[in-house]
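Listed below, chain by chain, are the residues.
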Amino acid sequence: MPGDQVNDSDMANAIRFLSADAVQKAKSGHPGMPMGMADVATVLFSKFLKFDSAAPDWADRDRFVLSAGHGSMLLYSLLYLTGYPGMTKEEIINFRQLGAKTAGHPEYGHAAGIETTTGPLGQGIATAVGMALGERMMNSRFGDDIVNHHTYVIAGDGCLMEGISHEAISMAGHLKLANLVVLFDDNAITIDGPTNMSVADDQGKRFEASGWDVQSVDGHEHEAIATAIENARRSDKPSMIACRTVIGFGAPNKQGTSGIHGAPLGDEELAATRERLGWTHAPFDIPDNILNAWRTIGSKGAGEHANWKSRFDALDDSGKSNFNRAVNGGLPEGWIDALNAHKKRVSEEKPSWATRVASGETLAAIAEYLPELIGGSADLTGSVNTKAPCMNPITPDDYSGRYIHYGVREHGMSAAMNGLALHGGAIPYSGTFFVFADYMKGAMRLSALMEQRVIYVLTHDSIGLGEDGPTHQAVETTASLRALPNFNLFRPCDGVETAECWSIALQSENTPSGMVLTRQGVPTLRTEHTEENLCARGAYVLAEADGGFDARQGTILATGSEVSIAMQARDILQADGVPTAVISMPCWELFDAQDDAYRESVIGTVKARVGVEAAVRMGWDHYIGFHGAFIGMNGFGASAPAKNLYEHFDITPDAIVREIKARL
């Protein structure tokens, strides 16, 4: 290349060869997508994306989501080339190595500029819908001068095959998220071979049917790509641009084939690609003129960032404070006082609420103090009690509300909540029936992996839902979610515990929560008010044995609706001269985090222990020990009134009494 002149092809080739060389050195990875989409990425970053690489957390930056996360070297190459802090050449060289920021798939928090963890196909585009919605909601609150940006997504065939994409596309079209632009890597190749082996969808018509603006371009023609993106930015609909690309562009023998999707090119093919594209530089060597051109792109947003900072500084103190608190995830004053007042009222009035109702009452008491709290449900608002009285719905014409009608879209709903949390300015929660947590598991796992404060309201939690039967009775789901690292599962026993669990979830900035709640009413067991949050340690002595800890002969451990059954059993045992304690265990994860002394002070040392939960046994042996008994479910439930089901499956006070006495 003559002199210092740099053209768009040179810029794109820098991405191609950083990606191919990194995959080659790692002996694993996916070079095909970065090589195929390098031209699209070059146009997007050089001409449209609003960012300042020196300030990667600038709140009004455009968001870029690589939904096709297997092509992670595309993103890492862009971050290095544009000068993001911490993304060095050494990180590129150490792609996929232990401790490197350049993991096999983009990991949120590993490096600046990675907006979300992607890899499970479809999650990225669905998360991006939440980001785009989050931008519109913040815009309605703070105005164009402070919040006005786009969300761009690169998605592949696999992302659009996954069912979650249908829910995400439909949701974005309905909400008219015109700030969302999806760049579809239309390379017609999957791992198994050509896409026509497994799919014949017309993706353009599919998006159009959901209310999107759709264009098609040659993904290697820079001017055409730029024109399409410009058109998308002017549309009043979300936009999909189908970019017809050649996977592994430039590799003379492997381009356009599945062989370049997920394997290194090999030394011979990589050398042939260098020759074909005129790239004479050594692996990981980017000529100064090309690197400088990229670094100029990375810094050109500094002026726009400075102008934004001036507009932000012109806000009054309240505006600045509210914005900073919102984007940083802080909680305002007043809400904890409202929650404690609510707790006191519940203890005094002793309602026999279902805990799903208790959850709704808690939200009604605190939501007005928490403007960032954003609710929703999967078409189950009246059943899951997630809409506080102060919340108005978000609509396609008004984003100022705080309640999202997600429709019957659990997959898309959960991923969108991740996007809302990642964008900043929202503490999202939404509700569905507990059994449908399986539909949300992929996004729930990412909530935990990315350490996002997302709250899942999961009602109708057991055989206690009754007549809907075993299809809806989630006997195994409790154990499944307890197995998920960095996820707090709460199963409160009454209205007071429900309020306390909400308090913990709201203050858990780096941990998602599941609020597992009953359909059926339960008595108030916490009738003496305290502002101390007893649930904060995960488990506690709800009722000590008569005569105190040292007098204990039996210990009953229970969660949720079964705590009241345990209390009935205790009454029988106490009357029969068997001093017995009842332990409420609303959150195992928090209890396991306590020191040995506290856990021993709660569980005690007596061998006559019984665990009670209308779910499968898995996990309970850790607490009840080798000699303990479990009262719960050994299989699926049945369709009948709840009272009959508890008797049929022998989850009763008499069963608990029998097992305690058998171990004395």
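For clarity, every value in this text was computed on a predicted model and none was experimentally measured.

Caption draft 1: Representation of unusual backbone geometry. Of note, K350 is a non-glycine position whose phi angle comes to about 55°, a positive value. On the secondary structure map, K350 appears in the loop between helix 14 (335–349) and helix 15 (355–366). Here N385, not a glycine, exhibits a phi torsion of approximately 55°, which is positive. The residue N385 is located in the loop between helix 16 (381–384) and strand 7 (403–405) in this model. On the basis of relative accessibility, which here comes to 23%, the residue N385 falls in the partly exposed class.

Caption draft 2: Local environment of the sheet that holds strand 2 (residues 151–156). The strand order across the open sheet built from five strands is 1-2-3-5-4, with neighbouring strands paired in parallel fashion. On the outer flanks of this sheet lie strand 1 (63–66) and strand 4 (213–218), each paired with one strand and no other. Going across the sheet, the axis of each strand differs from the next one's by a mean of 20°, ignoring polarity. Inspection of the sheet shows strand 1 paired to strand 2 by four bridges, in the parallel sense. Within strand 2, the position partnered with F64 by the bridge is Y152.

Caption draft 3: Highlighting the state of the cysteines. For the coordinates displayed, the defined rule picks out zero disulfides. The cysteine C493 is free of any disulfide, with C535 supplying the nearest cysteine sulfur at 7.2 Å. Judged by relative accessible area, which is 2%, C493 ranks as buried.

Caption draft 4: Region of interest: the sheet that holds strand 8 (residues 427–433). Across the sheet, six strands lie side by side as 7-6-8-9-11-10; this open sheet has parallel pairing. Edge positions in the open sheet fall to strand 7 and strand 10 (488–490), since each of these has one partner strand only. When strand polarity is set aside, the average angle formed by the axes of neighbouring strands in this sheet is 20°. Across three bridges, strand 10 lies against strand 11 (residues 513–516) in parallel orientation. In the strand pairing of strand 11, N488 is matched with S513. Across the sheet, helix 20 (residues 495–507) touches strand 6 (373–377), strand 8, strand 9 (455–459), strand 10 and strand 11, and the angle it forms with strand 11 is around 165°.

Caption draft 5: Representation of the side chain of S503 within the structure. In this fold, S503 is placed in helix 20. Apart from residues lying up to four places away in sequence, S503 is in contact with W335, I336, L339 and N533.

Caption draft 6: Layout of the pairing of strand 15 (residues 609–612). Neither face of strand 15 is left uncovered, since the one carrying R609 and G611 and the one carrying V610 and V612 both have all their residues buried. Judged from the four bridges that link them, strand 13 (residues 554–558) and strand 15 form a sheet pairing that is parallel. Bridge pairing links T555 to R609 in strand 15.

Definitions and limits used
- Residues numbered from 1 in each chain as written.
- Predicted model: local features only at pLDDT ≥ 70, side-chain atom pairs only at ≥ 80, totals over all residues.
- Heavy atoms only, no water.
- Helix = DSSP H or I, 4+ residues; strand = E, 2+ residues; numbered from the N terminus.
- Buried < 20%, exposed > 50% of the residue type's maximum accessible area, 1.4 Å probe, protein only.
- Pairing = 2+ DSSP bridges.
- Axes fitted to C-alpha atoms, helices over the stretch in contact; angles between N-to-C directions.
- Disulfide = S-S within 2.5 Å.
- Contact = heavy atoms within 4.5 Å.

No statement about biological role is implied by the geometric values presented.
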